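A look at the structure
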Amino acid sequence: MPPNHPAPAPKPFKPYFFYGHRKPSQNRPVVYGGLFSSRKTIPARQTPDPINPPAPFHLHKWDPDHHSPLRSPPPLAPEPPSSLAASRRLSPIARFIVDAFRRNRGSWGPPVVAELGKLRRVTPGLVAEVLKAENNPAVASKFFAWAGRQKGYRHNYAAYNALAYCLNRNNKFRAADQVPELMDSQGKPPSEKQFEILIRMHADANRGLRLYYVYEKMKKFGVKPRVFLYNKIIDGLVRTDHFDLALSVYDDFRDDGLVEDSVTYMILIKGLCKAGRINEMMEILAKMRANLCKPDVFAYTAMVRILVSKGNLDGCLGVWEEMKRDGVEADVMAYGTLVTGLCKGKRMDKAFELFKEMKVKGILIDRAIYGVLVESFVAGGKVESACGLLKDLIDSGYRADLRIYNSLIEGLCSVNHVDKAHKLFFITLQEDLQPDFGTVNPILVSYAEMRRMEDFCKLLMQMEKFGFSVIKDLSSFFSSFVCEEERIPIALDVFRDLKVKGYCSVSIYNILMGALKKSGDVKSVMCLFDEMKNTQIEPDSLTYSIAIECLVVLGEIKEACACYNRIMEMSCLPSIDAYCSLAKGLGKTGEIDATMMLIRDCLASVTSGPMEFKYSLTILHASKSGKAEKVVEVLDEMVQEGFPPSDVAFSAVISGFCKHGTIEEARKVFSCMQERKLLKESDAIVYDDMLVEHMQKKTADLVLSGLKFFGLERKLKAKGCNLLPS
């Protein structure tokens, strides 16, 4: 039997004329040329990484100072889609260079240099192509320097421009500004184009000072800008509020003998309007009119808009008169800009004159102008004129929006025409404008002030019928209504009537209790609190917090502590004001340990606790030294920061010196505060008694702990000692 010879290897396929160019591959997916070329793209094949089995671990060979070889290298950062898209458009050699950077994780080193050494030569065009696609400024700079070290090689302007773009694209604009010096050092003096690139970059990024820095550098190199580039520099400085620098550049513009065009004039005019220099703006406008041409309506509208944004209405009217003098017909945009500015500046008479002028000229008036005028008339108390504008709006074929109706309803309620306001509310419902709380709130306020509770409740029923969240809206109503202290009794009467019909909630109780507490009527707050506990409505943490503040004012510290414990049982936190009130109340009653515990609990629970509490812990830390001078320094710092020492701070002094110091040192602190008139003599006597009492208590606790530790407590009780606690 003849031996089995291995099959001969297939001959490699060699393309010839019939097949055209080579087939596409992963490295060159698009093939150009020939009639018979296969123009298709082969997707990159996903080859799974080979899984190498881990090497066996030998303990006797393990070196703790040597990094483990099993540690996998950090994963490569995913390339951004923009760089991938750019790399697909690169030439094969440029893609080879970019892939070399990517394979070495974007770091320059000997492996990258070895890869680049495979190339015979890198041309300036290739350098520019690579820099346009590279997003790592460090690698781009190293590659640029490496290419420049080739024998007989010189960078061209395109390469320098690509380097500047690459650095600026990666937020290295300061390095990009040094490209002109680099060009000059390499025998390639920068031209106006290089400076134009830098100026455009800084102007687009609103870096005004950097823009001026490039302009000064441009003058050092002796490069004179054209009119276009001067306009770009001045405009960038004006937009970034560096108008004085812009004027200095304009002086250089005139010194160079250049002639202003319309863009130059408009940039200067806008900058002068923005700076409020109306007289100089008028001079530039006259010069433009004499040397070049008259500004058009768009230029005048831009001036008016800038002056309106700065609140310079007199300047707006001056520009408007200049526009009339030039015979320029204002369009609806110019009228709308000026009318809006005059209405915001409370010059509704002049705005209405312009409105009538628009009507005479037959200019189409949009709904926004009507809305601004209606709001202005309502704010000025001219409700009848505002209603006339509504009629004119409807006659013109427009449909009023909710904002216009809300303004009219508020205006009618302000002049006691509540029934007409109610009718307008129904109109908003009929026109399906979806009225909100801002629509009905003025009507509710008017009904409440006029004590028309039947109409008030009818309106609530209508709101319920049309899908309003009545309880939520009532909370908002009471919140805005009690802002004025004179309305609080009216709010309580309204609440009593609403409570009978079932319109009450925890939020309404909290709003009323907070308003009463703010006005100083603490007893009424506690009456509402007791009334709330007798109903089915459960108080929340805010209710208990308000009650804590009022109970401390009334001197009922135990009840305040019970409210605090109730909040803790609800897994909630009291308000900062409740923490401060309770801490002061406990400090006044001599509960020093409870005060310190409350301070620590507050600072451990809330995001930003009171500064007085933070200084209290600082006082405790300073008292560990046992010296009064350290504590006095902390108290002086409190006074300098605007926090005079109170009961909480002095409670911290007593607690600290009873634990770490002596009574004499604490008395030195009190006497020092008394000398500086930060502590009254009567309060000093009270604090001294509290100090002695707290020290006795701490001493007794130490004695009792010692007896328990040595087992003497049981023996003393067996002998009939009644002094020890049971």
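Below is a short write-up of the structure. These figures come from a predicted structure and were not determined experimentally.

1. A short note on the overall build of the protein
Within the protein one finds 38 helices and zero strands. Counting over 726 residues, the protein shows a buried share of 42%. Relative to all contacts within the protein whose residues are 6 or more apart in sequence, the contacts with residues 24 or more apart total 59%. As presented, the protein carries roughly 41500 Å² of accessible surface, and 55% of it is formed by carbon and sulfur atoms.

2. A short note on empty space enclosed by the protein
Rolled over the atoms, a probe as big as a water molecule pinpoints where empty space is left. A complete count under the given rule lists one cavity of 30 Å³ or more for this structure. Its boundaries defined by the atoms lining it, the largest cavity holds a volume of some 40 Å³. Along its surface, the largest cavity is lined by Tyr-160, Asn-161, Ala-164, Val-179, Met-183, Gln-194, Ile-197 and Leu-198. When residues of the lining of the largest cavity are traced back to their parent elements, those giving at least two are α6 (157-169), α8 (179-185) and α9 (192-204).

3. Focus: the packing of helix α26 (residues 488-500) against helix α27 (residues 506-519)
At a closest axis distance of 11 Å, the pairing of α26 and α27 adopts a crossing angle of 155°. Taken together, the axes of α26 and α27 lie roughly antiparallel to each other. Between α26 and α27 lies a crossing of left-handed hand. Along the contact surface, α26 presents Ile-488, Ala-491, Leu-492, Phe-495 and Lys-499, while α27 presents Ile-508, Tyr-509, Leu-512, Ala-515, Leu-516 and Ser-519.

4. Some thoughts on the pattern of salt bridges
Under the criterion given, the structure shown has 39 salt bridges. The partner of Glu-357 in a salt bridge is Lys-324, and the shortest N-O contact between them spans 3.9 Å. Residue Glu-357 is found in helix α18 (residues 348-361), and its partner Lys-324 is found in helix α16 (residues 313-325); the two are separated by 33 residues along the sequence. Among the residues examined, Glu-357 registers a relative accessible area of 21% and is labelled partly exposed. Among the residues examined, Lys-324 registers a relative accessible area of 41% and is labelled partly exposed. A salt bridge links Lys-499 to Glu-531, with the nearest nitrogen and oxygen atoms 2.2 Å apart. Here Lys-499 is found in helix α26, whereas its partner Glu-531 is found in helix α28 (residues 522-533), with 32 residues between them in sequence. One salt-bridge network, held together by shared partners, links Glu-192, Glu-196, Arg-200 and Arg-226.

5. Comments concerning the nonpolar core
Membership of the largest hydrophobic core comes to 213 residues, with the highest contact counts inside it found for Phe-143, Met-303, Phe-456 and Phe-477. Tallying contributions element by element places helix α35 (residues 647-660) first for this core, with eight residues. If we ignore the near neighbours within four places in the chain, the residues touching Phe-456 are Leu-444, Tyr-447, Ala-448, Leu-474, Phe-477, Val-494 and Leu-498.

6. A look at the environment of Met-596
Relative to the elements of secondary structure, Met-596 occurs in helix α32 (residues 592-605). Sequence-distant contacts of Met-596, that is, excluding residues within four places in its chain, are made with Leu-620, Val-648, Ser-651, Ala-652 and Ser-655.

7. What to know about the packing of aromatic side chains
This model, assessed by the stated rule, comprises 27 aromatic pairs. Members of the aromatic cluster, each reached through a chain of ring pairs, are Phe-456, Phe-477, Phe-478, Phe-481, Phe-495 and Tyr-509. The ring of Tyr-157 carries Lys-188 above its face, with NZ or CZ at 4.9 Å from the centroid. Over the aromatic face of Phe-173 sits the side chain of Arg-207, whose NZ or CZ is 3.9 Å from the ring centroid.

Rules used throughout
Residues numbered from 1 in each chain as written. Predicted model: local features only at pLDDT ≥ 70, side-chain atom pairs only at ≥ 80, totals over all residues. Heavy atoms only, no water. Helix = DSSP H or I, 4+ residues; strand = E, 2+ residues; numbered from the N terminus. Buried < 20%, exposed > 50% of the residue type's maximum accessible area, 1.4 Å probe, protein only. Contact = heavy atoms within 4.5 Å. Areas by Shrake-Rupley, 256 points an atom, 1.4 Å probe, with all protein chains shown as cover. 1 Å grid on protein atoms, 1.4 Å probe; cavity = no way out; pocket = protein on both sides within 12 Å on 5 of 7 lines; lining within 4 Å. Points joined across faces, edges and corners; volume = space filled by probe spheres on them. Axes fitted to C-alpha atoms, helices over the stretch in contact; angles between N-to-C directions. Parallel < 35°, antiparallel > 145°, perpendicular 65-115°, else oblique. Left-handed = near helix turned anticlockwise from the far one by under 90°. Salt bridge = Lys/Arg side-chain N within 4 Å of Asp/Glu carboxyl O. Core = buried A, V, L, I, M, F, W, Y, C linked by side-chain atoms within 4.5 Å. Phe/Tyr/Trp six-rings, centres within 6.5 Å; stacked < 30°, edge-to-face > 60°. Lys NZ or Arg CZ within 6 Å of the ring centre and 35° of its normal.

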